[in-house]
Number of protein chains: 4
Amino acid sequence: MFESTTQIRVRYAETDQMSVVYYGNYAQYFEVGRVESIRQLGLSYKQIEEFGVIMPVVEMNIKFLRSAEYDDLLTVKTSVKELPTNHKIEFHQEVYNEANKLLTVGRIVLYFIDAATKAKTNMPALLKEKLEKFF
Amino acid sequence: MFESTTQIRVRYAETDQMSVVYYGNYAQYFEVGRVESIRQLGLSYKQIEEFGVIMPVVEMNIKFLRSAEYDDLLTVKTSVKELPTNHKIEFHQEVYNEANKLLTVGRIVLYFIDAATKAKTNMPALLKEKLEKFF
Amino acid sequence: MFESTTQIRVRYAETDQMSVVYYGNYAQYFEVGRVESIRQLGLSYKQIEEFGVIMPVVEMNIKFLRSAEYDDLLTVKTSVKELPTNHKIEFHQEVYNEANKLLTVGRIVLYFIDAATKAKTNMPALLKEKLEKFF
Amino acid sequence: MFESTTQIRVRYAETDQMSVVYYGNYAQYFEVGRVESIRQLGLSYKQIEEFGVIMPVVEMNIKFLRSAEYDDLLTVKTSVKELPTNHKIEFHQEVYNEANKLLTVGRIVLYFIDAATKAKTNMPALLKEKLEKFF
């Protein structure tokens, strides 16, 4: 299993008039979590796109347990529990607040897509090489 | 079953560098779909908050089948398949493009929460009255 | 002078914990105002990009006079006061609420840029033809 | 003069189909810059709101010189050039990319507003005490 964490400070823009983070903004927090997890592997999502592979999200399931508030320093925990063997990669993600309370749980599935042909493809070799050390 | 539709024009701001709508923005489209479905019942979500009830999202499941593009005039179909009997309401939502292709499917669960006490509560009487005609 | 109006319903996502529209979101409202003004001329900003011209914003000045609130049906008034003669176009934009109170005033300058070469260019002929009737 | 810097990593969500940061998102970057500058003074904007003072933006002027791209690590430089003597505070803000190129320049004016009465008020004493050391 590969696991990483990153921190995000809640912006004023991300709150709504319930005085909590708008539910739709967790998709951005999860995106940041995934991007930083790839950076912690020693490459970047930007490089993956430069290799000609894009990774659109095809499924997102989120449970909202507690609210995040303005200026909270959130911790996003991102894990990959199974090494991808085809065009699919699944991330499990959790958001915690400073009191270490679990706020949100997400399961996000992305495809590896060839940017030129738009066809499904496999995980880029360099990402695979970095990731398989954890399995 | 209660069903309604509304239309949304994709904004430039909502695209990303894949030249499609960023996946996180569908939460906003679904919010607009729910809000307009309540308006079509003859009241407004704003009024519900004025009654002292807020409706936070507790669960969101989205499948992304096809991409929406800049300037697409999307149709959001919003339905409630079961009349709520407790603090929970479930919406089924679909996004279609102008070619009537199904782009995105969502299932969103919200709670009825008393804004003052933050306790779970039942559907406001006025909303129930409007909605139960469809069941 | 060319003038057009369009309407925008404030989304929950666009509010912040001051219970008003977050100041940064007016840039999106202004974008929608400009895009709809071009549509009212009988073409679309999407087509302009398909002609190979992009229109990045190079300057934005906004005065915030009064707040917009959740679910307000705003009117965005967009005007071009001078026919562009070079690579520059200037829009004057105003946002009004349902009580016809002026909320926000903006002056936004965009360039016409050749998408391929990234060089400054002139207004596309088709847009010029549509626009010059108003001057 | 009080000056501070903070860094922001560009999110995928913040790009648009021109493959650069959407112009409207700089308002968020500037907000983060101001919030972090207050934190570097030894208090927080959150505390200021807890003292009963809110700081709405009343004017924003931005010049866009160069584009920011996905995954850029931006530096936001935030300065206050004059100690506020009434209900007004003015921030000068600049965004630089990793090559130290100046991308965006902003001048943002905010008011100190009493959250309860909505009347203009003066800078909270604690903020004044921290800030006046720099003048």
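Position numbers for residues count from 1 along each chain, tracking the sequence in the order it is written. The lettering of chains begins at A and the numbering of ligands begins at 1, in the order of writing. Thresholds applied to this predicted model are a pLDDT of at least 70 for local features of residues and 80 or more for the giving and counting of side-chain atom pairs; totals over whole chains, interfaces and linings are not thresholded and use all residues.

## What about the overall build of chain A?
Working step 1: Here a helix means four or more residues in a row that DSSP labels H or I, a strand means two or more in a row labelled E, and each is numbered from the N terminus. Check the secondary structure of chain A and you find three helices and seven strands.
Working step 2: Listing the helices and strands of chain A from first to last along the sequence gives β-α-α-β-β-β-β-β-β-α.
Working step 3: Values of the radius of gyration come from C-alpha atoms, whereas the globule rule sets the reference at 2.2 Å times the count of residues to the power 0.38. Taking 2.2 N^0.38 as the reference for a compact globule, 135 residues should give roughly 14 Å; the C-alpha atoms of chain A span a radius of gyration of 15 Å, in line with that estimate.
Working step 4: A principal-axis box enclosing the C-alpha atoms of chain A has dimensions of 45 × 30 × 20 Å.
Working step 5: Residues are treated as contacting if the C-beta atoms built from their backbones sit within 7 Å of each other. Across chain A, the fraction of contacts at a sequence separation of at least 24, relative to all contacts at a separation of at least 6, is 71%.

## Things to note about the sheet that holds strand β4 (residues 73–80) of chain A
Working step 1: At least two DSSP bridges between two strands are needed for those strands to be called paired. Pairing is antiparallel across the open sheet formed by 10 strands, whose spatial order is β1(A)-β4(A)-β5(A)-β6(A)-β3(A)-β3(B)-β6(B)-β5(B)-β4(B)-β1(B). Lying at the two open borders of the sheet, with one neighbouring strand each, are β1 (2–9) of chain A together with β1 (2–9) of chain B. Strand-to-strand twist in this sheet, taken as the mean axis angle between neighbours without regard to direction, amounts to 15°.
Working step 2: Here seven bridges tie strand β3 (residues 57–64) of chain B to strand β6 (residues 102–111) of chain B, and the two strands are oriented antiparallel to one another. Counterpart to Asn61(B) in the pairing with β6(B) is Arg107(B).
Working step 3: Lines are fitted to the C-alpha atoms to define the axes, a helix being fitted only along its stretch in contact, and any angle between axes, read from their N-to-C directions, falls within 0 to 180 degrees. Lying over the sheet, helix α1 (residues 26–40) of chain A contacts β1, β3 (57–64), β4, β5 (88–96) and β6 (102–111) of chain A, oriented at roughly 130° with respect to β1(A).

## A closer look at the relation of the copies chain A and chain B
Working step 1: Superposition of the copies was done by least squares, using only C-alpha atoms of residues whose pLDDT is at least 70 in both. Expressed as a screw operation, the relation of chain A to chain B combines 0.0 Å of axial shift with a rotation of 180°, fitting to an RMSD of 0.0 Å. Expressed as an axis order, the relation between the two copies is that of a two-fold axis. For chain A, the residue whose C-alpha comes nearest the rotation axis is Asn61(A), separated from it by 2.2 Å.
Working step 2: Both copies share a contact surface, since 100% of the interface residues of chain A are interface residues in chain B too.

## Overview of the relation of the copies chain D and chain C
Working step 1: In the superposition of chain D on chain C (RMSD 0.0 Å, axial shift 0.0 Å), the rotation amounts to 180°.
Working step 2: Here 100% of the contact residues of chain D are again contact residues in chain C; the copies associate through an equivalent surface.

## Section: the sheet that holds strand β5 (residues 88–96) of chain C
Working step 1: The strand order β1(C)-β4(C)-β5(C)-β6(C)-β3(C)-β3(D)-β6(D)-β5(D)-β4(D)-β1(D) describes an open sheet built from 10 strands, whose pairing is antiparallel. With partners counted over all chains shown, the strands left at the sheet margins are β1 (2–9) of chain C together with β1 (2–9) of chain D, one partner each. Averaged over all adjacent pairs, the angle separating strand axes in this sheet is 15°, with direction ignored.
Working step 2: Packing of helix α1 (residues 26–40) of chain C onto the sheet brings it into contact with β1, β3 (57–64), β4 (73–80), β5 and β6 (102–111) of chain C, and relative to β1(C) it is tilted by some 130°.
Working step 3: Contacts from helix α1 (residues 26–40) of chain D reach β1, β3 (57–64), β4 (73–80), β5 (88–96) and β6 (102–111) of chain D, with the element oriented near 130° to β1(D).

## Thoughts on the interface of chain D and chain C
By a frequent convention, interface size equals the accessible area lost on bringing the separate parts together.
Working step 1: Chain D puts 15 residues into the contact, and the matching count from chain C is 15 residues.
Working step 2: Only α1 and β3 of chain D provide two or more residues apiece to the side of chain D that touches chain C.
Working step 3: A per-element tally of the side of chain D that touches chain C places β3(D) first, with eight residues.
Working step 4: Of the residues assigned to the side of chain D that touches chain C, the class counts are 10 nonpolar, three polar and two charged.
Working step 5: In the sheet, β3(C) pairs with β3(D) via five bridges, with the strands oriented antiparallel. Within β3(D), the residue paired with Asn61(C) across the bridge is Asn61(D). Residue polarity is assigned by list, with Asp, Glu, Lys and Arg as charged and Ala, Val, Leu, Ile, Met, Phe, Trp, Tyr, Cys and Pro as nonpolar; anything else, Gly included, falls into the polar class.

## Structural notes on the pairing of β4(A)
Residues and elements named next belong to chain A.
Working step 1: Residues Leu-74, Val-76, Thr-78 and Val-80 of β4 are buried on one face, while the alternating residues Leu-73, Thr-75, Lys-77 and Ser-79, pointing to the opposite face, are not.
Working step 2: Relative to β4, β1 is paired through eight bridges, and the arrangement is antiparallel. What sits directly across from Arg-9, in β4, is Leu-73.
Working step 3: Pairing analysis gives five bridges linking β4 to β5, with the strands arranged antiparallel. Once C-beta atoms are placed from the backbone, each residue is buried if 20 or more other C-beta atoms lie within 10 Å of its own, exposed if 12 or fewer, and partly exposed for counts between those two.

## A short note on the environment of Asp71(B)
Working step 1: Along the chain, Asp71(B) turns up in the loop between β3 and β4 (73–80).
Working step 2: For Asp71(B), a count of 17 C-beta atoms within 10 Å translates into the label partly exposed.
Working step 3: Sequence separation between Asp71(B) and Arg9(B) is 62 residues, and the spatial gap between their C-alpha atoms is 5.8 Å.
Working step 4: Discounting chain neighbours no more than four positions away, the residues touching Asp71(B) are Arg9(B), Val10(B), Ser44(C) and Lys46(C).

## Quick notes on α1(C)
Along an α-helix, residues three or four positions apart point the same way, because every turn accommodates 3.6 residues.
All names here are of chain C.
Working step 1: Any helix carries an expected span of 1.5 Å times its number of residues minus one. Spanning 15 residues, α1 covers 21 Å between terminal C-alpha atoms, matching the ideal 21 Å at 1.5 Å per step.
Working step 2: Listed as buried for α1 are Tyr-26, Ala-27, Gln-28, Tyr-29, Phe-30, Glu-31, Gly-33, Arg-34, Val-35, Glu-36, Ser-37 and Ile-38.
Working step 3: Looking at the residues trailing α1, positive phi occurs at Gly-42, about 100°.

## Topic: the interface of chain A and chain B
Working step 1: Taken together, the contacts link 15 residues of chain A with 15 residues of chain B.
Working step 2: Each residue belonging to the side of chain A that touches chain B can be placed in one class, and the counts come to 10 nonpolar, three polar and two charged.

## Let's talk about the environment of Val32(D)
Working step 1: Structurally, Val32(D) can be placed in helix α1.
Working step 2: As a C-alpha pair, Val32(D) and Ser44(D) span 12 residues in sequence and 12 Å in three-dimensional space.
Working step 3: Aside from chain neighbours lying at most four places away, what touches Val32(D) is Arg11(A), Thr6(D), Ile8(D) and Val76(D).

## Re the confidence of the model for chain A
Working step 1: Confidence along chain A averages 97 in pLDDT terms, with 100% of residues attaining 70 or more.
Working step 2: Under the prediction, the complex receives an ipTM of 0.96, its pTM being 0.97. pLDDT is defined as a per-residue confidence score from the predictor, taking values between 0 and 100.

## Overview of the environment of Glu31(A)
Working step 1: Checked against the element boundaries, Glu31(A) lands in helix α1.
Working step 2: Residue class for Glu31(A) comes out buried when judged on the 22 C-beta atoms lying within 10 Å of it.
Working step 3: Excluding residues within four positions of it along the chain, Glu31(A) makes contact with Arg11(D), Tyr12(D) and Ala13(D).

## Digging into unusual backbone geometry
Working step 1: You will see that Lys118(A), though not glycine, has its phi angle at about 65°, which is positive.
Working step 2: With respect to the helices and strands, Lys118(A) occurs in the loop between β7 (113–114) and α3 (125–131).
Working step 3: Residues other than glycine seldom take positive phi values, yet Asn100(B) does so here, at roughly 65°.
Working step 4: Within the fold, Asn100(B) resides in the loop between β5 (88–96) and β6.

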